[in-house]
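Remarks on the overall topology
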Amino acid sequence: MRMIKSFTVAVLSMILGGLGQAQPTVVGIDRNAGLSRITVQGEANRDYTILASDLSPTNWNFLATLTLTNSSQSWFDSASATMPGRFYRAMKLDTPVIPEFADDFRLIDHQGVSRALYYFENDSTVKAVVLIFTGNGCTNVQQMISSIKSLRAQFTPQGVVFWMVDANSADNRSNIVVEANAQGIDLPILHDRAQLVANALHATTTPEAVAIDKVGWVVFYRGAIDDRIGGSTNVTTQYYLKNALTDFLAGRTVSPRATQPKGCAITLNSIPTPSYSTDIAPLLQSKCVRCHSVGNFAPFPMTNYDIVQFEAQQMRVEVLAGRMPPWHADPYYQSFTNDISLTTNEAAMLVKWVDDGAPRGGGPDPLTSAPPPPDYPFDWPTSLGTPDIIIPVGNQMITNSGTIPYRTVNYTVNLGSNIWLRAAVVRPGTVPVVHHILAYQKGVDNTLYSFLTGYAPGSYLGAFPAGTGKLLTNGTALQFQLHYTPTPAYPIGLVTNDNSYLGLYTMAAPPTYPLIQSSAPGLFSVPPNTTDYQAVTESSAFGTNVRLYEFSPHLHSRGLRFKYEAIYPGGHVPASEVLLSVPFYVFHWQTAYRLAQPKDLPAGTKIRCTAGWDNSVQNKELMELFTDPDNPNNFQYDPNRTVGWGDQTWDEMFIGYFNYVVLP
C-alpha cells in the first residue's frame, strides 16, 4: 500500500510540476522512518515549492521552498506524525525565487535601546542579522528560548546578530519586560508598535525567524527555527535556522530557504483602506507640511498629489527608518506638548497607502489649497504674532566655505523700566546658514549669564509655560552667541548676509513664577572607535520644591543617546524616575521637549543626565562627514581620533538644559 501511494504521488507530481520539461519533477515518499521522508528529484540549481494536502484535492498547504543543489533532496514532514496519510507535491518554479530585500527600520527594544537594521552596514564583523518574531504568552516561543540562546551563543562569534521582535497588538513595553524577565529572555526584544516591520517582512507567526544577509540586505531564510512537535527534539528534528546559518556562513546554497512557521498567530491590526483625499493628505498637512513647504527645510514641498506620489516610496523608507517626522523621545516615558511624531495608527495607515500603490482615488486634493502663511522660523510665529519689541542682532557677512568661528554680539537694553516677558523668540535671517543663535542676559557683575532664548532647528516651543515668565532688567546687557555654517546653497567663494532678530513679547503684570533655566554639564573624552561611550553628570540638589517644565539635551555629531532622570532624596518612593529618554539622538534637530504634565519635584532632588556617543564607522552621520571630499573639515570627523569638548560640530559637548520654577 505504501509503494502504491508513493507511485501515485510521483505521477501526480509529474503531471502538475514537470510534464513537458527536459527533466521531470518526481516526488517520492518513504514512511519507514516514522515520519514521511519526501524526496524531490528534478533539475539541479532550481527552486521547488513543497505542498501538502490532507486528502483534499483543493486544500494544498505550503511546507517549504527547496533549492536542489544536485538532482535530488530529501526532507521530513514532521506534521506527518499526526497526519500520516497526507499527499505531497513539488512544483518547480519557472524562474528562480526573487530575492526578498529587508528595508531599514528603527525600533526601541524592551530596555529602551534604539536599534536600526542598517546600523551594521559599515561593521565588518557582522555578516547577518536574525529577527525572531515573538509574542507574550506564546507557548511555542517559550519552548524555543533555550534553542534561541544556543543559536546566539554558537553564531554570534561568527558575525550573526540576534534580535527578537514583538508586533502583537496587545503587547506593550511594560508587559514585554515582565514576560522577558519571567522567561529569562536576555536578547533585545524590539517593540514593533505600529507593526511596520512585521508587515514589511510579511511575518505572521511567533516564533518565525527571518535571516538577513548584511550584503545587500537580502533575506536568505525565513520560517520555523526547527520542526519539532511540542517542546522536545528527536532524531528526525530538522534544525532549519541552524542549518541555514551554517550553510550561509560557509558560502553554500541555503536549502530549504523557506519553511512553514508553526506557532501563535501575530495579532495584526486591520487597517482600513486609506483615502488620499480624506486620510493621507490631511495627515501630511498636520505632520509634514510644516517643513515640506516651498523654500522650507525639507528636500521637497508637499504641494499636490503628484509630488507626494512621486516621493511615496522614499516617505515609506523614512518612516520605517524612524527619521521622519523628526521626533526622538521614547514614548514609554512621559508625554510632551510639542510631540510631532506619527501615532501608531497614522504610521501604519501611511505605509499601507504607499504599499497599495499610493492611489489617488476620488475627492479633492487638500494639498493644492492655498499654502499656509510663512511661519516660524521664516516669519514671526503665527501663534504669537508680531513682537512688542524687536532687537536686531546686526548684519553678519557669512563666507560660503571654510570654518566660521563663533561670534558674539552685545546689545544694551534701554526700555525705561524693567519688563516681564511671556515669550522671547530669535528669528533667523538666512535660515540655511544659521546653525544656532543664543541670547543671554549678563549679570550685575558683567560675568554671570542667564539664558533668555535661542534658535536651533527643532528647538522652538512657543510662549513660556502658562503662569511663568522671564524678567528683562532695564539697562541690562544682552549677549548673542552666533554660530554659522557654510552651505552649498550659495556659490563657493561668495558671501551672504544674515540679519537675525530677537523678538520680545511683554506681559502686563508679573507672572506667578519666574522661569529659570539651569543645566547639568558633564566632563568627558570620547575614545576612538567606540560605539557607545557613556558619561553621567548630575545637577546640584534643589534647595526647594520645584516644578519642571522643559528639557533641551545637547550633544554634537557623535551624540548617540541622552537621558534625564530625577534622583529623589532619601526615603522617596520611587528613588528615581526617567523624565526624558532620547534613545536615538540626532544632532541636526536640536529638539526641545516640553512636558504635557509639568513635574513637581521635592527639595533635595537632583537631575541626572546620561549620554552616549558613537565614535565609530557605524555612525553613518559621522562617516558621511568624514568621507565627503567637498567638506574641508572632513578629517576632523575621523573616528580614529579622541574627541573632547569644543564649540565646533566635530568636537563634542554634553549639556542637559532644563527649565523650572521655584514653588513656595
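The notes below deal with the structure included here. As the structure is a computational prediction, the values presented were derived from the model and not from experiment.

The next subject is the nonpolar core. In summary, soluble globular proteins display a tendency toward joint burial of nonpolar side chains. Ranked by size, the top nonpolar core spans 44 residues in total, and within it Phe162 and Leu241 carry the most contacts. In terms of residues, this core owes the most to one element, helix α2 (residues 139-155), which gives six residues. Beyond its immediate chain neighbours, meaning those up to four positions away, Leu241 contacts Val130, Leu151, Ala209, Ala211, Tyr221, Ala224 and Ile225. If you look at the next biggest cluster of nonpolar residues, it comprises 36 residues, including Leu421, Ala423, Leu502 and Val661.

A side chain with one charge can pair with a side chain of the opposite charge if their charged atoms come near. Tallied over the entire structure, the rule returns 24 salt bridges. Glu346 is the partner of Lys287 in a salt bridge, and the nearest nitrogen-oxygen pair spans 2.9 Å. In this pair, Lys287 sits in helix α6 (residues 276-287) while Glu346 sits in helix α9 (residues 344-355), placing the two residues 59 residues apart along the sequence. Comparing Lys287 with Glu346, the two get one shared label, buried. For Glu538, the salt bridge goes to Arg608, with nearest N and O atoms at 2.7 Å. One end of the pair, Glu538, is in strand β30 (residues 530-538); the other, Arg608, is in strand β35 (residues 606-615), and 70 residues separate them in sequence. Residue classification places Glu538 among the partly exposed residues on the basis of a relative accessible area of 32%. According to the relative accessible area criterion, Arg608 is partly exposed, its value standing at 27%. In the salt-bridge network here, residues are joined through shared partners; they are Glu43, Arg46 and Lys92.

Pairing in this open sheet of four strands is antiparallel, and the strands run β20-β25-β22-β23 from one edge to the other. Looking at the sheet topology across the chains shown, the edges are occupied by β20 (407-412) and β23 (449-455). For this sheet the average axis-to-axis angle between neighbouring strands, irrespective of direction, equals 25°. Of the pairings in the sheet, the one linking β20 to strand β25 (residues 477-484) comprises six bridges and is antiparallel in character. Within the sheet, the bridge partner assigned to Thr408 lies in β25 and is Gln481.

Tracing the chain through its elements places Tyr505 in strand β27 (residues 501-506). With relative accessibility at 0%, the residue Tyr505 sits in the buried group. Spatially, the C-alpha atoms of Tyr505 and Pro432 are 26 Å apart, while their sequence positions differ by 73 residues. Non-local contacts of Tyr505, meaning those with residues more than four positions away in its chain, are made with Trp380, Pro381, Leu384, Gly385, Thr386, Pro387, Asp388, Trp420, Leu421, Arg422, Ala423 and Val425.

Calculation notes
- Residues numbered from 1 in each chain as written.
- Predicted model: local features only at pLDDT ≥ 70, side-chain atom pairs only at ≥ 80, totals over all residues.
- Heavy atoms only, no water.
- Core = buried A, V, L, I, M, F, W, Y, C linked by side-chain atoms within 4.5 Å.
- Buried < 20%, exposed > 50% of the residue type's maximum accessible area, 1.4 Å probe, protein only.
- Helix = DSSP H or I, 4+ residues; strand = E, 2+ residues; numbered from the N terminus.
- Contact = heavy atoms within 4.5 Å.
- Salt bridge = Lys/Arg side-chain N within 4 Å of Asp/Glu carboxyl O.
- Pairing = 2+ DSSP bridges.
- Axes fitted to C-alpha atoms, helices over the stretch in contact; angles between N-to-C directions.

Functional significance is not addressed by these values, which are geometric in nature.
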